[in-house]
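What follows is the residue order along each chain.
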Amino acid sequence: MSTRVRFAPSPTGFLHVGGLRTALYNWLFARQQGGSFILRIEDTDQSRRKEGALENLLEALEWAGLDVDEGPQAGGKLGPYVQSERLEIYHRHVQQLLDDGHAYRCFCTPERLEQLRDRQRKMGVASRYDRHCRNLPPGDAEARAADETSIIRLAVPESGRIVFEDIVRRKVAFDLETVDDQVLLKGDGFPTYHLANVVDDHLMQVSHVIRGEEWLPSMPKHLLLYQAFGWEPPRFAHLPLLLNKDRSKLSKRQGTVAVEEYRTQGILPGALINFIALMGWHDQSDQDIFGVEELVQAFSLERVQKSGAIFDTEKLHWINGQHIRRLSLPEFREAIQPYFDTQWDVTEAMAAAVHTKVSLLSDVPDLLAFFFEDPVVYDDDAREALTGAEAAGILSMLLAKLDESTDPSRAGPSTDLSGEWFMSTVKAIGEDFGLKGRELWHPIRAAIAGRVVGPDMITIVETFGLEKCRERIRAALAAA
RNA sequence: GGCGCAUUCGUCUAGGGGUUAGGACGCCGGCCUCUCACGCCGGUAACAGGGGUUCGAAUCCCCUAUGCGCUACCA
C-alpha cells in the first residue's frame, strides 16, 4: 500500500505556523516515502467561513515550497477535496451507521444540553451527554425526524478499553466509560470533524494521519468509527504542540503566528522550514542548518519529540541569517528586492556590503537608506560622534586632503582607486591624531552616511565618489 | 472536576545502566578588524522531586508534583 498523507486545515483566513509545521511533517514524510501529499479543506463549520481563506492558504504553502499532489486546486481522483462539497457522502455513511445501530438520532435542544452541562459542572462530575435519546425506538425517531430537527450521535459502547499504537507516543489507552456519545451530524446537515475526517481519510486512502496532539483525546471516537464502518484504520502520529513563551499553545495574542507575516518580516522560506522542522524533530547529528532536500532525507516520524516546543524567535533569526549568507550575491540581491518600497537602484556592491550584516531581509533598506537620502539625515549616534572632541579636527584634515586630491591641477587618485586612497588617507590622519578604530572612523562615517554603523567605507566612497564625500564632510563641519 | 499526554542548560535538543551529560541559539569574554556585523576561540548553564530495582540510575519500574491539551450541534 502506498504512502498517502494529508494536511487538513480549516480555512480560517491565514496559515498558522503550527499548521505549517504539521503540513511540513506530512510533506516530508510523503516525499521521503515517494508517496502523495493531499490537501483537504475542512470547512464543515459554516459559522467560521472566511472569504479568500483558501487562496491565502495555497499561497502560503506555495511560498513555503510544499507542493500538493492532490487537492482543491491540484485535483485528483478521490475528490472533491473540500468537505462542504461532500455532504452527500457523509449522509450516506451516517445512514449506514444508523441502520447498523452504531449511531442514533438525538432531539435534545442546545438549551437542554447546556443546562445538563451546568448541572454536571456544579456537581463536580464529568460533563457528558446523558444519552437521553439513545434508547428511542429507531422507527419512532425516524418518524419524528421528518418534522423535528435532530442530530446524529455515535453510540459509544458502555464499557471496554481502546488501546492503540501511536508512532510518536507508542501505546496510548482510553477507557470507554469516559468517552462521550459524540455528535456526528449537526442540525444544519453538516458533519462534525470526527465523522468527516474518518470518512474522508478512508475514502481518500490515507495511510498515515499526522496531526497535532490536540487530537489525541478524540482517538477513541475515531477508532470506534473505523470499527463501526468495518474499516482498517490508518497509522497515527500525534505531533507535539508549538508553544508560547509561557508554554501555552502558540497563539496570536503572544506573537506572530501567520506564515505570511514571517514572509513580510524577511524570513526566507527555506529558513522557516529549517527552523520549524527542528521544533519537534531532530536527527542524531549536531547539524542545525538543513536544506529542504536534506530534511527529506533525514526526517523520520520515530524521532519526533513527545513534548511541546517553545517558539524561539531569536533562533529563527539566527537560522535565517545562516540561510541568507548561503545565498549567492545575485540570489541575495533578488531576495531583498521586494523590501524596498521605492525605486532605489541597489547595486551589487551595496548588496554585497550588507550581505553578512542582516538576519532579516527587511533590515536591509535601513542599512542602505543613506545612499539614497539627500541631504543626509544624522541619527543620534552620528550626532554624538560629530560632536566628539576630535571630530572637527579629523574632518577638517580629511577635507583638506580631499580638496588637494580633487583639484584638477594636481594628480588625484583615479576613480576606481578612490576607496583605497581614502582608506590610506584616513589611516594617515589617524596616526597624526593617535587614533584608530571607532574613535577615528565614527566621525567620518557620521559625516558621510549619517550613521556610525553600516557598509564598509570602500563601498561607500566608491559608490559616492570623492566629490560627494567632500560635500558631506563640509556640510557636517558647517552644521557642528 | 474527568480523561489524556508530557518533563535533560533560559530556549531548541543529543544521549539512554558506568559519559568531564554533547551540540546549537541567547548571554559573557577574547581574536580578527575601517564601523557594525560575519567568522574563529573560550566561558556560563540542565537530567522536576521521592521511593524502589541494581555493584552502579539522568537512563528501567512505581508514586508525587508541575505543565499542557481535550472535555461544543469548533476544528
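What you are looking at is a predicted structure, and each value in this text was computed from that prediction instead of being measured.

Asker: Quick question: what am I supposed to make of the overall build of chain A here?
Answerer: If you tally the helices and strands in chain A, you get 20 helices and 11 strands. Taking 480 residues into account, the globule formula puts the C-alpha radius of gyration at 23 Å, and chain A, at 32 Å, lies well above it. When the backbone C-alpha atoms are referred to their principal axes, chain A occupies close to 110 × 50 × 35 Å. Within chain A, the fraction of its 480 residues that count as buried is 49%. Once local pairs closer than 6 in sequence are excluded, the contacts in chain A between residues at least 24 apart make up 75%. Summing over all exposed atoms, chain A offers an accessible surface of approximately 23600 Å²; the carbon and sulfur share of this is 48%. One finds the centroid of the 55 positive side-chain charges in chain A at a distance of 6 Å from the centroid of its 72 negative side-chain charges.

Asker: Honestly, the nonpolar core in this entry has me stumped. Any pointers?
Answerer: Most often, soluble globular proteins have nonpolar side chains that are buried together. With 103 residues, the main nonpolar core has Leu272, Phe332 and Phe422 as its most contacted residues. Sorting elements by how many residues they give to this core places helix α1 (residues 17-33) first, with 9 residues. In terms of domain composition, this core takes at least three residues from each of domain 1 (252-346) and domain 2 (380-479). Beyond its immediate sequence surroundings of up to four residues, Leu272 is in contact with Val17, Leu20, Trp63, Val259, Tyr262, Ile267 and Leu316. Of all hydrophobic cores here, the second largest spans 36 residues; its members include Leu184, Ala196, Met219 and Leu225.

Asker: When you look at the side chain of Arg86 in this model, what are you seeing that I'm missing?
Answerer: Following the sequence through the fold, Arg86 ends up in the loop between α2 (53-64) and α3 (87-100). A polar atom in the side chain of Arg86 sits 2.8 Å from the backbone oxygen of Pro80. In this structure, Arg86 is in contact with Leu78, Gly79, Pro80, Asp200, Leu203 and Met204, ignoring residues within four places of it in sequence.

Asker: In this structure, what is going on with the pattern of salt bridges? I would like to understand it.
Answerer: Where charged atoms of side chains with opposite charge meet at close range, the side chains can pair. Scanning the entire structure with this criterion turns up 25 salt bridges. Its salt-bridge partner being Arg31, residue Asp69 comes within 3.1 Å of it at the nearest N-O pair. Taken together, the residues span a long stretch of sequence, with Asp69 in the loop between α2 and α3 and Arg31 in helix α1 at a distance of 38 residues. Judged by relative accessible area, Asp69 falls into the partly exposed class, the value being 31%. The partly exposed category is assigned to Arg31, whose relative accessible area is 23%. Among the ionic pairs, Glu148 bridges to Arg144, the shortest N-O distance being 2.8 Å. Through salt bridges with shared partners, a single network forms among Arg6, Arg40, Glu42, Arg86, Asp200 and Asp201.

Asker: Sorry, what's going on with the pairing of strand β6 (residues 170-175) here?
Answerer: In summary, the side chains of a regular strand alternate between the two faces of the sheet. Across 6 bridges, strand β5 (residues 161-166) lies against β6 in antiparallel orientation. Bridge assignment links Arg161 to a residue of β6, and that residue is Asp175. Count of turn residues in the β5/β6 antiparallel hairpin: 3 residues.

Asker: Got a minute to help me understand the pairing of strand β4 (residues 151-154) in this structure?
Answerer: Alternating positions in β4 separate into two faces, Ile151 and Arg153 on one and Ile152 and Leu154 on the other, with burial throughout. Here 2 bridges tie β4 to strand β7 (residues 183-185), and the two strands are oriented antiparallel to one another. Opposite Arg153, over in β7, you have Val183 as the bridge partner.

Asker: I'm lost on the layout of surface pockets in this one. Help?
Answerer: The rolling of a water-molecule-sized probe over the atoms marks out the regions of remaining empty space. Its volume calculated, the largest pocket comes out at about 1400 Å³. Lining the largest pocket are 46 residues, and of these Ala8, Pro9, Ser10, Thr12 and Arg48 sit closest to its centre. Residue assignment for the lining of the largest pocket shows that the elements contributing at least two residues are β1 (4-7), α1, α2 and β8 (208-212). Ranked by the residues each element gives to the lining of the largest pocket, the list is headed by α1, at 5 residues. Of the pockets and cavities examined, the second largest pocket occupies roughly 360 Å³.

Asker: Before we go on, may I ask you to explain the domain arrangement of chain A in this structure?
Answerer: The figure often quoted for interface size is the accessible area lost as the parts come together. For chain A, the assigned domains are domain 1 (252-346) and domain 2 (380-479). Each of domain 1 and domain 2 has a C-alpha centre, and the two are 39 Å apart.

Asker: I keep staring at helix α17 (residues 418-433) and nothing clicks. Help me out?
Answerer: Structural remark: α-helix, 3.6 residues per turn; residues separated by three or four positions point the same way. Between its first and last C-alpha, α17 extends 22 Å over 16 residues, near the 22 Å set by a 1.5 Å rise per residue. Looking one or two places after α17, you find Gly434, whose phi comes out positive at around 70 degrees.

Asker: Is there a simple way to think about the packing of aromatic side chains in this case?
Answerer: Between two aromatic rings, the relevant description is the distance of the centres plus the angle of the planes. Considering all chains together, one arrives at 13 aromatic pairs under this definition. Here the aromatic rings of Tyr193 and Trp215 are separated by 3.9 Å at their centres, their planes lie at 20 degrees, and the arrangement is stacked. Note that Tyr193 is positioned in helix α6 (residues 193-203) and Trp215 in the loop between β8 and α7 (219-229), a separation of 22 residues in sequence. Of the residues examined, Tyr193 reaches a relative accessible area of 15% and is grouped as buried. Relative to Phe299, the ring of Trp281 lies with its centre 5.7 Å away and its plane at 40 degrees, an arrangement referred to as tilted. With Trp281 in the loop between α9 (269-277) and α10 (292-298) and Phe299 in the loop between α10 and β11 (309-310), this pair connects stretches of sequence that are 18 residues apart.

Asker: I would appreciate a short explanation of the packing of α17 against helix α19 (residues 457-464) in the present structure.
Answerer: Helices that pack against each other are described as a pair by the angle of their axes relative to one another and the distance between those axes. Taken N-terminus to C-terminus, the directions of α17 and α19 make an angle of 125 degrees; their axes are 8 Å apart at the nearest point. Put simply, α17 runs oblique to α19. As for the relative orientation of α17 and α19, their crossing is right-handed in sense. Where α17 approaches α19, its residues Ser418, Gly419, Glu420, Phe422 and Met423 are matched on the opposing element by Met457, Ile458, Val461 and Glu462. Looking at the contact of α17 with α19, its residues break down into 5 nonpolar, 2 polar and 2 charged.

Asker: Whenever I open this one, unusual backbone geometry confuses me. Can you help?
Answerer: Leave glycine aside and you will find that most residues have negative phi; peptide bonds, for their part, are mostly trans. Omega for the peptide link from Gly79 to Pro80 comes to 0 degrees, which places this bond in the cis form. Mapping Pro80 onto the fold places it in the loop between α2 and α3. The step from Asp374 to Pro375 runs through a cis peptide bond, and the omega angle for that step is 5 degrees. Inspection of the secondary structure puts Pro375 in the loop between α14 (364-368) and α15 (380-386). Even without being glycine, Arg131 reaches a positive phi, approximately 60 degrees. When you line up the elements, Arg131 lands in the loop between α4 (110-123) and α5 (138-145). Despite not being glycine, Arg170 has its phi angle at roughly 65 degrees, a positive value. Note on placement: Arg170 falls in strand β6.

Calculation rules
Residues numbered from 1 in each chain as written. Chains lettered and ligands numbered in written order. Predicted model: local features only at pLDDT ≥ 70, side-chain atom pairs only at ≥ 80, totals over all residues. Heavy atoms only, no water. Helix = DSSP H or I, 4+ residues; strand = E, 2+ residues; numbered from the N terminus. Rg over C-alpha atoms; globule rule 2.2 N^0.38 Å. Buried < 20%, exposed > 50% of the residue type's maximum accessible area, 1.4 Å probe, protein only. Contact = heavy atoms within 4.5 Å. Areas by Shrake-Rupley, 256 points an atom, 1.4 Å probe, with all protein chains shown as cover. Lys, Arg positive; Asp, Glu negative; His and termini not counted. Charge placed at Lys NZ, Arg CZ, Asp CG, Glu CD. Core = buried A, V, L, I, M, F, W, Y, C linked by side-chain atoms within 4.5 Å. Domains from an automatic or database assignment. Polar contact = N/O pair within 3.5 Å; in protein donor to acceptor, adjacent residues only side chain to side chain. Salt bridge = Lys/Arg side-chain N within 4 Å of Asp/Glu carboxyl O. Pairing = 2+ DSSP bridges. 1 Å grid on protein atoms, 1.4 Å probe; cavity = no way out; pocket = protein on both sides within 12 Å on 5 of 7 lines; lining within 4 Å. Points joined across faces, edges and corners; volume = space filled by probe spheres on them. Expected span 1.5 Å × (residues − 1). Phe/Tyr/Trp six-rings, centres within 6.5 Å; stacked < 30°, edge-to-face > 60°. Axes fitted to C-alpha atoms, helices over the stretch in contact; angles between N-to-C directions. Parallel < 35°, antiparallel > 145°, perpendicular 65-115°, else oblique. Left-handed = near helix turned anticlockwise from the far one by under 90°. Nonpolar A, V, L, I, M, F, W, Y, C, P; charged D, E, K, R; others polar.

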